[in-house]
Amino acid sequence: MEKTPGQELSDLLYGLQMTVKILDGIMEEHKQGKRDQSDYESRIHSQSNLLNNNLKNVKPLTEKLFQEAFSRFNSKPETA
């Protein structure tokens with residue numbers, strides 16, 4: 001079954017939230033010095049890239065959701 005734009009956006013935002021929590025956990029671990037410095041750098045780079053790539057998808061998915069909603073109700077977005 002294909003996801004709706006709302007489901008896609010919701011999943012993406014949940015993923016973003018989890019990525020931020022992981023980054024926060026990595027920084028907290030770093031304070032405690034539990035791992036090798038290169039391990040922290042590798043993990044932070046990996047999570048930062050994931051966060052950055054996912055953030056790029058927020059706007060297009062939001063626009064897709066709005067487009068579907070406005071077309072379904074034969075409405076147009078309000079302009080500021």
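Check the entry above for the structure.
Worth saying up front: this structure is predicted, and the values here are computed from it rather than measured.

Caption draft 1: Focus on the overall build of the chain. Within the chain, the regular secondary structure consists of 2 helices and 0 strands. Computed over C-alpha atoms, the radius of gyration of the chain comes to 18 Å, more than 25% over the 12 Å expected from 2.2 N^0.38 for 80 residues, which places it beyond the range of a compact globule. With respect to the three principal axes, the spread of C-alpha positions in the chain is 55 × 35 × 15 Å. Within the chain, the proportion of its 80 residues that are buried is 15%. Taking all contacts inside the chain whose residues are at least 6 apart in sequence as the whole, residues at least 24 apart take part in 61%. If you sum the accessible surface of the chain, you get close to 6,500 Å²; carbon and sulfur atoms cover 54% of it.

Caption draft 2: How the structure looks around the nonpolar core. Counting 6 residues, the largest nonpolar core is built from Leu9, Leu12, Leu16, Leu23, Leu51 and Leu61. For this core, the secondary structure elements donating two or more residues are α1 (5-32) and α2 (37-72). For this core, the element with the most residues is α1, which contributes 4 residues. For Leu9, the contacting residues outside a window of four places in its chain are Val58, Leu61, Thr62 and Leu65.

Caption draft 3: Expanded view of the environment of Thr62. Along the chain, the position of Thr62 falls in helix α2. Between the alpha carbons of Thr62 and Pro5 there is a distance of 7.8 Å; along the sequence they are 57 residues apart.

Caption draft 4: Region of the structure containing the pattern of salt bridges. Applying the stated criterion to the full structure yields 9 salt bridges. Here Arg43 makes a salt bridge to Asp39, at a shortest N to O gap of 3.9 Å. Placement of the pair is Arg43 and Asp39 together in helix α2, with a separation of 4 residues, close to one helical turn. For Asp39, a relative accessible area of 24% gives the class partly exposed. Salt-bridge contacts for Glu63 lead to Lys59; the nearest nitrogen and oxygen are separated by 3.9 Å. Taken together, the residues span about one helical turn, with Glu63 and Lys59 both in helix α2 at a distance of 4 residues. Each of Glu29, Arg35, Asp39 and Arg43 takes part in one network of salt bridges that share partners.

The rules behind each value
Residue positions are counted from 1 within each chain, in the order its sequence is given. Given that the model is predicted, a residue must reach a pLDDT of at least 70 before its local features are reported, and side-chain atom pairs must reach 80 or more before they are shown or counted; all residues, however, enter totals for whole chains, interfaces and linings. Only hydrogens and water are set aside; all other atoms, that is, all heavy atoms of the structure, feed into the side-chain values. For the purposes of this entry, the term helix denotes a DSSP run of H or I that reaches at least four residues, the term strand denotes a run of E that reaches at least two, and both are numbered from the N terminus. Put simply, the radius of gyration uses C-alpha atoms, and a globule should come to 2.2 Å times the residue count raised to 0.38. Residue exposure (1.4 Å probe, protein chains only): buried if accessible area is under 20% of the type maximum, exposed if over 50%, otherwise partly exposed. Only heavy atoms enter the contact rule, under which two residues are in contact if any of them lie within 4.5 Å. Only the protein chains shown count as cover for residues, and the accessible areas themselves come from Shrake-Rupley with a 1.4 Å probe. What makes a nonpolar core is a set of buried Ala, Val, Leu, Ile, Met, Phe, Trp, Tyr and Cys residues whose side-chain atoms join them at distances within 4.5 Å. Just to be clear on terms, a salt bridge is a Lys or Arg side-chain nitrogen sitting within 4 Å of an Asp or Glu carboxyl oxygen.

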